[in-house]
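Residues per chain, in single letters:
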Amino acid sequence: MSAAPTLDPGTHEPPDYLQVQSSAEFDELRRAHRSFAFPLTVAFILWYLGYVLLSSYAGGFMAIKVVGHLNVAFVLGIAQFVTTFLIAWWYSRHAAAKLDPKAEAIKSRLEGDA
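Residues numbered from 1 in each chain as written. Predicted model: local features only at pLDDT ≥ 70, side-chain atom pairs only at ≥ 80, totals over all residues. Heavy atoms only, no water.

So, the UniProt feature "transmembrane region" (unreviewed entry) in the chain
- Cross-referencing UniProt, the feature "transmembrane region" (unreviewed entry) maps to residues 36–58 and 70–92 in the present numbering.
- The straight-line gap between the two end C-alpha atoms of residues 36–58 is 32 Å; of that span, 96% is helix and 0% is strand. (UniProt positions renumbered as here; feature names shortened; annotations may be inferred. Helix = DSSP H or I, 4+ residues; strand = E, 2+ residues; numbered from the N terminus.)

A word on the pattern of salt bridges
- Inspection of the entire model under this criterion finds four salt bridges.
- Across the pair Glu 28 and Lys 102 runs a salt bridge, and its minimum N-O distance is 2.8 Å. Within this pair, whereas Glu 28 is found in helix H2 (residues 24–57), its partner Lys 102 is found in helix H4 (residues 72–113), the two being separated by 74 residues in sequence.
- Under the relative-accessibility criterion, Glu 28 is labelled partly exposed at 40%. (Salt bridge = Lys/Arg side-chain N within 4 Å of Asp/Glu carboxyl O. Buried < 20%, exposed > 50% of the residue type's maximum accessible area, 1.4 Å probe, protein only.)

Section: the packing of aromatic side chains
- Taken as a whole and judged by the stated rule, the model has two aromatic pairs.
- Where Phe 36 meets Trp 90, the ring centres are 5.1 Å apart and the plane angle is 80°; that geometry is what we call edge-to-face. Linking Phe 36 in helix H2 with Trp 90 in helix H4, this pair joins segments that are 54 residues apart in sequence.
- Ring geometry for Phe 36 versus Tyr 91: centroids 5.9 Å apart, planes at 45°, classification tilted. Here the residue Phe 36 occupies a position in helix H2, and Tyr 91 occupies one in helix H4, the gap between them amounting to 55 residues.
- Taken together, the ring pairs connect Phe 36, Trp 90 and Tyr 91 into an aromatic cluster. (Phe/Tyr/Trp six-rings, centres within 6.5 Å; stacked < 30°, edge-to-face > 60°.)

Dropping the structure here:
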């Protein structure tokens, strides 16, 4: 059985989070996130609701055979999964390229000030 490590909180003051939140750097990070995430979220919700509405009210259209026994409903249903994974991949790339460097700069500044 090992003893829990002791954490020395040190003598430094905690960061002023309200000051960080009101900084231009943080505002830029928030804007970079929102300008990507919000439009993509709205687009995906509309795409999903479109699928649901088509499934509910356009049965004849959704029953059209595309290839063999595969119909439009099945193809659009699979497309829902594909777009979900594509959006996750795209967001991951966006975060790594645009958000993470900005967040790291803020974190470094906070840790340097502490």
